[in-house]
Each structure stands twice: as C-alpha cells, then as structure tokens.
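Summary of the model geometry
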Amino acid sequence: MRLLGIVLALVLGPLLYLVVAPTPVQPVAWQPKPAPKFEGAFASNGALERIETLLPELAGPEALVADARGRLTTGLRDGRIVRLNPGKLRFKELGNTGGRPLGMKLTPEGFLIIADADKGLLQLDQDGGAIKTLASSYQGRAFRLVDDVDLLPDGTILFTDASTRFGLDQFDLDVLEHSATGRLFAFDPSTQRLSLLKDGLVFANGVAVSGDGTYALVCETAAYRVRRVFVNGPRKGQSDVFIDNLPGFPDNISYDRERDLFWLALVAPRNMVLDLLAPFPFLRRMVGRLPEALRPRPARHAMALAIDGNGKVVKFMDDPRAESYSPLTSVTRIGNTLYFGSYEHAGIGRMSSGAL
C-alpha cells in the first residue's frame, strides 16, 4: 500500500499541480485560421542564407535606424545605444537606457526617440548625452512593454505598448493568454500630450507610418496579422486588418519611402501546438503553469517580407536552417543592402537586397 501511495503521489501530484496551481495566465478562447503553407506567396526559398553577421560582439540589436549618412543606430540587450558605420565596422556607444531599448526613430531635429520595454518612451541626442523620459505611464499606470516607435509628418510620436499584463521577460505568457491588451499611443512633443489611439491589440509590436501619414500599421504579433490604424484624414479613428494569417509572428515593420513598401520581419514560424490550444483556455492555463523551459518555444526560422500599400506580399525571403540569423526582428534597407536586427542573435545581419 505504501508503494502504491508513492506511485499515486508521483503520478497525480504533477497533474494536480497543472490543474490547480496559481498562474498569472488568464487565457481567452480564440480560433486562428489554418496556418498558410510555405508555398505560393510564402514559398520557402532560402534567400536569407546569404546574410552575413557584422560585429558579433553586439548582443541583441533588436531594431535599426539609419541616418542621412548611412550610419546605423541600434539598442542592445544590455541597455546600450550604439551607432555604427557598416562600411568601417566600428561602433560608438551613445548612452545606456538602463532598460531594454527596442524600436527607435530619428527626428529631423537630431533626436533619437527610443521605445524601451522597461523604461518607456525615451529621447537621446543623436550624438549621445543624457537620456530624457518622454512618457512612462498612462493614467497613472506604468507601461509594461513599450515596443516600437515611428513619427507622423507633423512630428507626433506614435508608439506601441505591447501588453498591460506582462513585461518583456514574460512576453510568451501574453502570447499564450491572447487577452488583447496592447495599445497604440500618440505623444506630441510640443505639448507633452499623451493620447491613446487604439487599444484591444493582440500584443502590439512594430509600428510604421504610411508615406502620406494617413495611417499607421501595427503588428499584432500573437494574432499573426498587421492592423491599419487611420490617424489622419476622413477615416481618422478607424482601423482594419491590413494583412492577415501570416505564416509567422510579425515583429517590427518599417516603411521604405523610396520603394513605397513596408518591410516586415517575422520573428518565428507559427507553432502548431499553440494554434491547437487556442480554443481551450483551460489547457492553456495548464501550459502557463509549466516551467518556462517546457512551454512551447519559437523555432529557428528567419523570415522577412516586403508588402505594398494594398497589403500584397511582393517579396518573401527565408532561411529555415537552425543556424539561420534568427530570431529575426527587423529589416532596414540602405541603398542596395538590407540590414537585419534580432532581439537575441549576436551581431547585425547584412545582405544584398536584390531586385524587387
């Protein structure tokens, strides 16, 4: 009997834990569309196998921004903001946010606007110096995961707060929960006014303003789609889905004015287990109780695509190898060269852009 008791405890104990243990995850039932196969517009082609890695000592260059001289600025996992000249393979440290800098944008006046996951919306002089906090909370509640930033033609700053529930260290729980607490904000530097433009976004990640400034595209990472939010013109305040049912999790997005298209990075392919569990909140709560190492993890598969103003995919590039430059989180074009960022990979990726 004692042996039987030990066996039952070993079997039922973990099961009981998975059923009743406290968990911060409060999943919402949803039904994703069947994941598209890697064919047609998303045909796997190995194009990103040509990526070379620059300055591998730079850990986690999540997003990149280029200035008029072709220099790149990025934020690193240790909080540093660095600027580099890709041709000379040297970099200069401009400052350290003390948090985790993600998206960034240069203003015409020479300021670097930084979306820092931990610290909020920040500002740094292009040549370095003191870092200024522009916004760190809304209605008395601190931001949890400020993610990306872009500028309207009039200088208004748009930025995303991915989740009100979880910080960057638990972003996978927000994806698992699917509670749609992401938001898009506008900050007016001249008046210091902060405005909520859109809430109810499913992990609001990258943001990119259109060429004419009438709308902004926001990546809803956990919903496999990009949403269009109208910020000017007759449809101001409205939103719709720009592109849906992507084969992976969209991360950062950037507007390419010269070619009039958007570059979108997919951080990882969709996970079949997550899609199967989507309609079942009880099962996803059980997954949320698992140790982090046992939860579904993103696969190594680099993906990037170019999208025109109608939401049509005009170029898809990938590298499905385990040794690919991934997780790939951003794409920036300078001339005939594409540069890639990653929140985890060491170094900046570089590759010829080829023909579009």
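Summary of the structure given here.

**Observations regarding the environment of Val207**
With respect to the element layout, Val207 can be found in strand β16 (residues 204–209). The buried category is assigned to Val207, whose relative accessible area is 1%. C-alpha separation for the pair Val207 and Val149, spaced 58 residues apart in sequence, amounts to 6.1 Å. Beyond its immediate chain neighbours, meaning those up to four positions away, Val207 contacts Asp148, Val149, Asp150, Leu158, Thr160, Leu184, Ala216, Leu217, Val218 and Ile253.

**Some words on the pairing of strand β21 (residues 261–269)**
Taking burial as the measure, the nine residues of β21 include nine buried ones, the bulk of the element. As paired strands, strand β20 (residues 248–256) and β21 are joined by six bridges and run antiparallel to one another. The residue of β21 that forms the bridge with Ile253 is Leu264. The hairpin turn running from β20 into β21, its antiparallel successor, is four residues long, and Asp260 in that turn takes a positive phi close to 50°. Alignment of β21 against strand β22 (residues 302–307), held across five bridges, turns out to be antiparallel. From the neighbouring strand, Leu264 faces β22, where its bridge partner is Leu305.

**Brief notes about the sheet that holds strand β5 (residues 90–96)**
Pairing is antiparallel in the open sheet, where four strands are placed in the order β2-β3-β4-β5. Among the strands making up the open sheet, the edge pair consists of β2 (64–66) and β5. Sheet twist, expressed as the mean angle between neighbouring strand axes with direction ignored, is 25°. In this structure, strand β4 (residues 80–85) lies alongside β5, joined through six bridges in antiparallel fashion. If you follow Val82 over to β5, its bridge partner there is Glu93.

**Let's talk about the nonpolar core**
Judged by nonpolar contacts, the single largest core of 22 residues is most densely connected at Leu145, Val175, Leu176, Phe203, Ala222, Phe249 and Leu274. In terms of residue count, the dominant contributor to this core is helix α2 (residues 171–177) (three residues). Counting 19 residues, the second largest nonpolar core, distinct from the first, contains Val226, Leu246, Leu264 and Met303.

**Let's talk about empty space enclosed by the protein**
Enumeration according to the criterion identifies one cavity of 30 Å³ or more in this entry. Within this model, the largest cavity holds a volume of roughly 80 Å³. Taken together, Trp30, Val175, Leu176, Ala222, Tyr224, Phe249, Leu274, Leu277, Ala278 and Arg284 make up the full set of residues lining the largest cavity. Counting residues per element, the ones that place at least two in the lining of the largest cavity are α2 and α3 (272–277). Of the residues belonging to the lining of the largest cavity, the class tally is nine nonpolar, no polar and one charged.

**Points about the layout of surface pockets**
Reported here for the largest pocket is a volume of approximately 930 Å³. Val65, Lys105, Asp150, Ser254 and Tyr255 are the residues nearest the centre of the largest pocket, which is lined by 35 residues in total. For the lining of the largest pocket, the elements supplying multiple residues, two or more each, are β2, β6 (101–106), β12 (146–151), β16, β20 and β24 (330–334). In the lining of the largest pocket, the residues fall into 19 nonpolar, eight polar and eight charged. Here the second largest pocket defines a volume of roughly 600 Å³.

**A word on unusual backbone geometry**
Excluding glycine, residues mostly have negative phi values, and the peptide bonds linking residues are mostly trans. The step from Ser326 to Pro327 runs through a cis peptide bond, and the omega angle for that step is 0°. Within the fold, Pro327 resides in the loop between β23 (313–319) and β24. One non-glycine residue, Leu89, adopts positive backbone phi at about 55°. Position of Leu89 relative to the elements: it lies in the loop between β4 and β5. Even without being glycine, Ala180 reaches a positive phi, approximately 55°. For Ala180, the position within the fold is in the loop between α2 and β14 (182–188).

The rules behind the values
Residues numbered from 1 in each chain as written. Predicted model: local features only at pLDDT ≥ 70, side-chain atom pairs only at ≥ 80, totals over all residues. Heavy atoms only, no water. Helix = DSSP H or I, 4+ residues; strand = E, 2+ residues; numbered from the N terminus. Buried < 20%, exposed > 50% of the residue type's maximum accessible area, 1.4 Å probe, protein only. Contact = heavy atoms within 4.5 Å. Pairing = 2+ DSSP bridges. Axes fitted to C-alpha atoms, helices over the stretch in contact; angles between N-to-C directions. Core = buried A, V, L, I, M, F, W, Y, C linked by side-chain atoms within 4.5 Å. 1 Å grid on protein atoms, 1.4 Å probe; cavity = no way out; pocket = protein on both sides within 12 Å on 5 of 7 lines; lining within 4 Å. Points joined across faces, edges and corners; volume = space filled by probe spheres on them. Nonpolar A, V, L, I, M, F, W, Y, C, P; charged D, E, K, R; others polar.

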